[in-house]
Amino acid sequence: MVDSQCQSLTASYVRESHKHNSSVPVCDFYEKFDAHGRESPLPPGVYNLEDLKEYGKGNGWCAYFLARYAVTHANIIVYSYHYLLDPKIADLVSKEFSKKSVVVFDEAHNIDNVCIDSMSVTIRKRTLDKCSQNLETLKHGIASIKESDAQKLKEEYSRLVEGLKNARVAKETDIQLSNPVLPDEVLEEVVPGNIRNAEHFVAFLKRFVEYLKARLRLQHVVTESPPAFLKDCFAKVCIERKPLRFCAERLRSLLWTMELPNMADFSPLLLVANFATLVSTYAKGFIIIIEPFEDSAPTVSNPIIRFSCMDASIAVKPVFDRFQSVIITSGTLSPVDMYPKILDFRPVTLATFTMTLSKPCLCPMIVSRGNDQVSITSKFETREDIAVIRNYGNLLADMAAVVPDGIVGFFTSYAYMENIVASWYEQGIIDAIQRHKLLFIETPDAAETSVALINYHKACENGRGAILLSVARGKVSEGIDFDHHLGRCVIMFGIPYVYTQSRILKARLEYLRDQFQIRENDFLTFDAMRHAAQCMGRAIRGKTDYGVMLLADRRFSRADKRGKLPKWIQEYLKDSFCNLTTEEAVQISKRFFRQMAQPFTREEQLGISLLTLDQLQSEDMQMRIAKKAQQT
């Protein structure tokens, strides 16, 4: 997407003005790219953004537009899910892809949450205050244009009569964000008469913004469906559904017509226009929650409107409809049969694979009791139990004494981690831990966590050894690899259930139950176990890596929890490892690390976890591959 600074130099009207007045600044990099860049194909190779930047710099071309151009000609493109799943971005970046393209969603264990986030909108009081300022700016701008160039507004009005498709014949440099939802057939429709005129449209938006402000003055929580919201909107301010549906595209047309230099200033108004379009387009799969405060600060007044998507299939359906081959894959995609339900599609092939290892380099265990035989669990009723907290601390201290290099511990939430660490400090457990390894803690602050990670790496590199305590669903659990000596042991302190009192979660659980017959407990357990598996997977980052995985909660040994772990973890989780005490886990870990310390060469892996080219092309291997393909 083009930002405001870039647009002020590259917009079509700016370039047109430059032709008549050379003092109007334009972007030399874009001009050179526009003149020569499209005719010069990129040399064959693999390019990341830095490579494209260097290539563009060497030729004097704009690297951003070079990347946009390269995407349409590349054989393989690796980018964020949002470029395909967020309809506002997908229409710009992924529009030209062929129907025969193969789409692979890798690390797709969280794909439903990405879909939901891309279709949800959050509006706060300060957003609406900025909208009022935006509308005043637009009002003065329209008055100014009427005096200097009234013909421009008349031409826009004529285009709108023909339909939205012709309202904005935008050049690539003029595009900010595409429409959030509108299908092509709607864009062919005539724009409702009451928002065609620019002044009338600004007055219409002002009325809608004032209505939203009035809704935020409530002192209690309101939950309603989009049709109920629209009914109330019509009853109070006489705004109908149809003009709301065209708001997003109509606003973009107006901003383009007015040739405003700083489009980023209008992002609050664009957000409200997107909300108007979404709420008037979807009657099902969404819910509106108006709260006088946020869950994190229930005593501080901070009114908020949440337009929350509950159906992940809404965002992913266009991808399934458009491309003939879509692959969803992840090492922690388990249980695999849950994803077709929550994404509402029928898979052609559904397969789960184990890891081919030449030696047992992962050792998963379930620790359900301390040495005092007291059950350990993060269950809410026992979170304040001193015996449970002490047993968790003793487990970490004992493992710190036998595990070489790095240990990563995951808690269910920041609040729970803070309480436990504070209790450990009072009980003297922190001192016992630090006799063996240094201790670092993840915080909600990204900068603090980055410093902790850097020092954790240093401690592991120089042989001192370290422990990093972090949170499931946090930055460390998703995006950081602890390969080899950086993560010889991962401990999951409790089952990472999501915060169940969230109103949005309650609404989603109710929707899943009613629409897809997925029981609340099944979904919550599935969600918790996929995040637990993601945390466990931090320990094994390759076939030469090895590590211990400790699931420290007695509930992990139940069939409904254990059965939802990925197949490659279940394969090594023996029945005898499912109900251990702290001491038993320590003794098993000692034996495991002694075994892993034995010399291990690449030749020992050949034919088992590694294949030479000759082995891969052999007749026997080809038959095995064909047989496996037929089974799946």
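To be clear, the structure that these remarks concern was listed above.
Before going into details, it helps to say that this report is about the structure given with it. Keep in mind the model is a prediction, meaning the values are calculated, not measured.

### A look at the side chain of Thr281
Stage number 1. Within the element layout of this structure, Thr281 appears in helix H16 (residues 267-281).
Stage number 2. Overall, the relative accessible area of 18% leaves Thr281 in the buried class.
Stage number 3. There is a polar contact of 2.5 Å between the side chain of Thr281 and the backbone oxygen of Thr277.

### Notes on the environment of Val222
Stage number 1. Inspection of the secondary structure puts Val222 in strand S3 (residues 222-224).
Stage number 2. Sequence-wise, Val222 and Ile305 are 83 residues apart; in three dimensions their C-alpha atoms are separated by 9.5 Å.
Stage number 3. Ignoring anything within four residues of it in the chain, the contact list for Val222 reads Arg215, Ile288, Ile289 and Ile290.

### A few points about the sheet that holds strand S7 (residues 362-369)
Stage number 1. Taken together, the 7 strands give an open sheet; going across it, the order is S9-S10-S8-S11-S12-S7-S13, and neighbouring strands pair in parallel fashion. At either margin of the open sheet sits one strand with a lone partner, and together these are strand S9 (438-441) and strand S13 (580-581).
Stage number 2. Direction of pairing for S7 relative to S13: parallel, over a ladder of 2 bridges. Bridged to Arg369 within S13 is Thr581.
Stage number 3. Helix-sheet contacts for helix H20 (residues 414-427) involve strand S8 (406-411), S9, strand S10 (466-471) and strand S11 (489-493), and the interaxial angle to S10 is about 140°.

### Overview of unusual backbone geometry
Stage number 1. Going from Ser334 to Pro335, the amide bond is cis rather than trans, its omega being -5°.
Stage number 2. Positive phi is not limited to glycine here, since Gln373 has a value of about 70°.
Stage number 3. Inspection of the secondary structure assignment puts Gln373 in the loop between S7 and helix H19 (386-402).
Stage number 4. According to the relative accessible area criterion, Gln373 is partly exposed, its value standing at 46%.

### Let's talk about the layout of surface pockets
Stage number 1. Volume-wise, the second largest pocket comes out at about 1500 Å³.
Stage number 2. Along the wall of the second largest pocket there are 42 residues; nearest its centre are Tyr497, Val498, Tyr499, Thr500 and Ser502.
Stage number 3. Mapped by element, the contributors of at least two residues to the lining of the second largest pocket are helix H8 (111-119), strand S4 (286-291), strand S5 (304-309), H20, helix H24 (503-516) and helix H25 (520-536).
Stage number 4. Split into classes, the residues belonging to the lining of the second largest pocket amount to 15 nonpolar, 12 polar and 15 charged.

### Let's talk about the nonpolar core
Stage number 1. In terms of nonpolar packing, the biggest core is built from 89 residues, with Phe105, Leu138, Phe208, Leu212 and Phe275 touching the most fellow members.
Stage number 2. In terms of residues, this core owes the most to one element, helix H12 (residues 198-215), which gives 9 residues.
Stage number 3. If we skip the residues at most four places from it in the chain, Leu212 touches Ile123, Leu128, Phe229, Val272, Phe275 and Ile305.

### Re helix H15 (residues 247-258)
Stage number 1. The terminal C-alpha atoms of H15 lie 16 Å apart, and with 12 residues this matches the ideal 16 Å at 1.5 Å per residue to within 8%.
Stage number 2. Within H15, 12 of the 12 residues are buried, which leaves it mostly tucked inside the rest of the structure.
Stage number 3. Turning to H15, its buried residues number three or more, namely Cys247, Ala248, Glu249, Arg250, Leu251, Arg252, Ser253, Leu254, Leu255, Trp256, Thr257 and Met258.
Stage number 4. The positive-phi residue at the C-terminal boundary of H15 is Glu259, with phi of around 55°.

### Focus: the sheet that holds strand S2 (residues 121-124)
Stage number 1. On the basis of which strands lie adjacent, the open sheet formed by 4 strands has the order S2-S5-S4-S3 and antiparallel pairing. Looking at which strands have only one partner, the edges of the open sheet turn out to be S2 and S3. On average, adjacent strands in this sheet sit at an angle of 10° to one another, irrespective of strand direction.
Stage number 2. With 3 bridges joining them, S3 and S4 adopt antiparallel strand pairing. Opposite Glu224, over in S4, you have Ile288 as the bridge partner.

### Focus: a nonpolar patch on the surface
Stage number 1. A surface patch of nonpolar side chains, amounting to about 350 Å² of accessible area, comprises Leu611, Leu613, Leu616 and Ile625.
Stage number 2. Structurally, Leu611 is set in the loop between helix H28 (582-596) and helix H29 (613-617).

### Overview of the packing of aromatic side chains
Stage number 1. Applying the stated criterion across every chain yields a total of 28 aromatic pairs.
Stage number 2. Summarising the aromatic geometry, the rings of Tyr47 and Tyr55 are spaced 6.4 Å apart at their centres and angled 70° between planes, so their arrangement reads as edge-to-face.
Stage number 3. Judged by its relative accessible area of 22%, Tyr55 falls in the partly exposed class.
Stage number 4. Among the aromatic side chains, those forming a connected cluster through ring pairs are Phe208, Tyr211, Phe229, Phe275, Tyr282, Phe286 and Phe307.
Stage number 5. In this structure, Arg250 packs its charged tip against the face of Phe201, placed 5.1 Å from the ring centre.
Stage number 6. Looking at Arg488, its charged tip hangs above the ring of Tyr546, at a distance of 3.7 Å from the centre.

### Quick look at the state of the cysteines
Stage number 1. Applying the stated criterion across every chain, the model contains 0 disulfides.
Stage number 2. The thiol sulfur of Cys233 is not disulfide-bonded, and the nearest other cysteine sulfur, from Cys238, lies at 9.2 Å.
Stage number 3. Here Cys309 is not disulfide-linked; the sulfur of Cys115 is the nearest cysteine sulfur, at 8.1 Å.

Reading guide: rules and limits
- Residues numbered from 1 in each chain as written.
- Predicted model: local features only at pLDDT ≥ 70, side-chain atom pairs only at ≥ 80, totals over all residues.
- Heavy atoms only, no water.
- Helix = DSSP H or I, 4+ residues; strand = E, 2+ residues; numbered from the N terminus.
- Buried < 20%, exposed > 50% of the residue type's maximum accessible area, 1.4 Å probe, protein only.
- Polar contact = N/O pair within 3.5 Å; in protein donor to acceptor, adjacent residues only side chain to side chain.
- Contact = heavy atoms within 4.5 Å.
- Pairing = 2+ DSSP bridges.
- Axes fitted to C-alpha atoms, helices over the stretch in contact; angles between N-to-C directions.
- 1 Å grid on protein atoms, 1.4 Å probe; cavity = no way out; pocket = protein on both sides within 12 Å on 5 of 7 lines; lining within 4 Å.
- Points joined across faces, edges and corners; volume = space filled by probe spheres on them.
- Nonpolar A, V, L, I, M, F, W, Y, C, P; charged D, E, K, R; others polar.
- Core = buried A, V, L, I, M, F, W, Y, C linked by side-chain atoms within 4.5 Å.
- Expected span 1.5 Å × (residues − 1).
- Patch = residues over 30% accessible without salt bridge, like charges linked within 9 Å, V, L, I, M, F, W, Y side chains within 5 Å.
- Areas by Shrake-Rupley, 256 points an atom, 1.4 Å probe, with all protein chains shown as cover.
- Salt bridge = Lys/Arg side-chain N within 4 Å of Asp/Glu carboxyl O.
- Phe/Tyr/Trp six-rings, centres within 6.5 Å; stacked < 30°, edge-to-face > 60°.
- Lys NZ or Arg CZ within 6 Å of the ring centre and 35° of its normal.
- Disulfide = S-S within 2.5 Å.

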